[in-house]
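# Secondary and tertiary structure notes
Spelled out, the chains give:
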Amino acid sequence: MTENNDAGVVPTNRVAPKRGRVTMSELTLIVRPPGRPADFRVYTDGEAAEAQAYAHEVGGRVDHLS
């Protein structure tokens with residue numbers, strides 16, 4: 001009889017990132033949902049359309065990082 005080596009292991013759902021790696025200096029835009037500080041997202045200049053869509057979805061606005 002073989003032992004069950006998977007006992008107690010919780011399966012995970014790994015999701016690939018939607019974009020490749022970027023440097024901190026490439027992150028130029030931020031969306032902060034009002035009243036939900038943990039749900040902020042940052043974007044590159046090339047992702048401005050996605051930033052605007054997220055801001056519209058959560059009732060926030062797109063701000064430029066300094």
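Figured I'd write up the structure that's included with this text. (Residues numbered from 1 in each chain as written. Predicted model: local features only at pLDDT ≥ 70, side-chain atom pairs only at ≥ 80, totals over all residues. Heavy atoms only, no water.)

## Focus: the packing of aromatic side chains
Working definition: an aromatic ring pair is given by the centre-to-centre distance plus the angle between the planes. Summed over all chains, the structure comprises 0 aromatic pairs. One residue, R41, lies across the ring of Y54, its end atom 3.8 Å from the ring centre. (Phe/Tyr/Trp six-rings, centres within 6.5 Å; stacked < 30°, edge-to-face > 60°. Lys NZ or Arg CZ within 6 Å of the ring centre and 35° of its normal.)

## Let's talk about the pairing of strand β1 (residues 27–31)
Where burial is concerned, most of β1 is hidden: 5 out of the 5 residues are buried. Where β1 lies against strand β2 (residues 41–44), 4 bridges are found, and the strand directions are antiparallel. Pairing of I30 across the sheet is with V42, part of β2. Across 3 bridges, the pairing between β1 and strand β3 (residues 62–64) is antiparallel. Looking at β3, one finds that V31 is bridged to V62. (Buried < 20%, exposed > 50% of the residue type's maximum accessible area, 1.4 Å probe, protein only. Helix = DSSP H or I, 4+ residues; strand = E, 2+ residues; numbered from the N terminus. Pairing = 2+ DSSP bridges.)

## A look at the sheet that holds β2
Taken in spatial order, the 3 strands line up as β2-β1-β3 in an open sheet, and their pairing is antiparallel. The sheet is open, and its two edges are formed by β2 and β3, each paired on a single side. Averaged over all pairs of adjacent strands, the angle between their axes in this sheet comes to 35°, without regard to strand direction. This element, helix α1 (residues 48–58), spans β1, β2 and β3 of the sheet and lies at about 15° to β1. (Axes fitted to C-alpha atoms, helices over the stretch in contact; angles between N-to-C directions. Contact = heavy atoms within 4.5 Å.)

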